[in-house]
Amino acid sequence: MSPTREGPTLLSWASQLEESTLVQARQTAAMPFIHPHVALMPDAHSGKGSAVGTVIPTRGAVMPAAVGVDIGCGMIAARTEFTHADVDARTAATGNGLAALREAVEDAIPLSPGNYNRGVGDWGFTAARLGELEELADAGGVDLSHSPKWRRQLGSLGGGNHFIELCLDETDRVWLFLHSGSRGVGNKIAQHHIRVAQRMCTGVDLPNRDLAYLTEGTVEFDRYLTDLHWAQRFAYLNRAEMMDRFGVVFARWMGVSDHRETERTNCHHNYTRQEVHGGEQVWLTRKGAVDAHAGVRAVIPGSMGTRSYVVEGLGNAEGLCSAPHGAGRRFSRTEAKRRFTQDDLRARMVGIEYRDSSEFVDEIPDAYKDIDVVMDDARDLVRVVHELRQILNVKGT
């Protein structure tokens, strides 16, 4: 769809848009350092400070709360050589169904907030990732004293809308698929710098306290960018760690030595980096949005009971070369639990192996926007490369 101009420096691709979200987006777009404009993605909904699904280009400043507390949160998807028929044949031959695979994944990857690995083990690929993060922290002087257990967080999922799935594409090829970010350590880094920004903006007239910013050229700005870079790398490696573990577990369940991965896409949707837009180099914050430069692959999930998509960017300049990061919430978690029941969730999850629990009612697909509408709104931002449907879902509470 063509964008709608919602203000002097605000363009929107969202056909499903709540007034509260629009108010937040207009406040963000009115900040004096925005250039050339803020782009509101099709899945936009209210968030902390700025709306989730907002792409924010800034000159000489960054707003830590706009990046968010789950720094580097994103998706990873890996296609394998296996097919749905291979999975069915394995189940028939062993009687070892998808419930057994789900339980094995749950044993291999810590789930839920606050749950980490029992120790710093090594699956054969863990040590190198921890070593890289240690070197990066040492080189930048990143203070991680607030998170003494950060090493044990690598390879853990978290809760909320984070998930692990076994999916099938349009040709019935098997995909491994998951969503997570920088865990507790990233949250601690974000919260610290949000407080610093608010302190630095004491006396500044802000439309929202969570739009407090750090100014380029200051020690505080440099410290944030260094810590942010570390947390974004942690998130990227955290997803890679879980994907590799998932691959090992899936291969064992299939009775083979390797999960035969043929392609992988690992992308952030909560992050900041320098890009050129409107003829200038800016700090571009994608809060709930993916990179959609021409030819760049990304992953856009639906919900725990609806389709997801592997996409390729179209390089839409008005859209700041960005695209939506998912379906976007329609109802808050509290409202979803008020409206829906565990039986409602069961009805929506027919044909999908998952842990049947009332804890997941707030993640019911009905609590999210229609992913088909979101993808139609995004047709000028990305093209669909693969369409995925899940047959197994793993979540933390």
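Remember, it's a predicted structure, so these values are computed and weren't measured experimentally.

Cut-offs applied
Residues numbered from 1 in each chain as written. Predicted model: local features only at pLDDT ≥ 70, side-chain atom pairs only at ≥ 80, totals over all residues. Heavy atoms only, no water. Helix = DSSP H or I, 4+ residues; strand = E, 2+ residues; numbered from the N terminus. Rg over C-alpha atoms; globule rule 2.2 N^0.38 Å. Buried < 20%, exposed > 50% of the residue type's maximum accessible area, 1.4 Å probe, protein only. Contact = heavy atoms within 4.5 Å. Areas by Shrake-Rupley, 256 points an atom, 1.4 Å probe, with all protein chains shown as cover. Lys, Arg positive; Asp, Glu negative; His and termini not counted. Charge placed at Lys NZ, Arg CZ, Asp CG, Glu CD. Polar contact = N/O pair within 3.5 Å; in protein donor to acceptor, adjacent residues only side chain to side chain.

Check the secondary structure of the protein and you find 11 helices and 17 strands. Whereas a compact globule of 397 residues would reach a radius of gyration of roughly 21 Å, the protein reaches 21 Å, a difference of no more than 12%. For the protein, the spread of C-alpha atoms along the three principal axes comes to 65 × 45 × 40 Å. Looking at the 397 residues of the protein, the share that counts as buried comes to 57%. For the protein, long-range pairs separated by at least 24 residues make up 77% of all intrachain contacts whose partners lie at least 6 apart in sequence. Surface summary for the protein: the accessible area is close to 15,200 Å², and the carbon and sulfur share equals 47%. For the protein, the separation between the mean place of its 44 positive charges and that of its 52 negative charges on side chains is 4 Å.

Checked against the element boundaries, Asp362 lands in the loop between α10 (342–348) and α11 (371–377). For Asp362, a relative accessible area of 8% gives the class buried. A distance of 3.3 Å separates a polar atom in the side chain of Asp362 from a polar atom in the side chain of Arg333. With residues near it in sequence (within four places) discarded, Asp362 still touches Arg329, Arg333, Ala336, Lys337 and Ala367.

Each neighbour pair has its own omega, and for His35 with Pro36 the value is -5 degrees, a cis peptide bond. Locating Pro36 in the fold gives a position in the loop between α1 (19–29) and β3 (38–45). Even without glycine at this site, Arg183 takes up a positive phi of about 55 degrees. Structurally, Arg183 can be placed in helix α7 (residues 183–200). Residue Arg183 is classed as buried on the basis of its relative accessible area of 11%. The backbone of Cys321 shows a phi angle near 50 degrees, a positive value even though the residue is not glycine. The residue Cys321 is located in the loop between β15 (308–313) and β16 (322–324) in this model.

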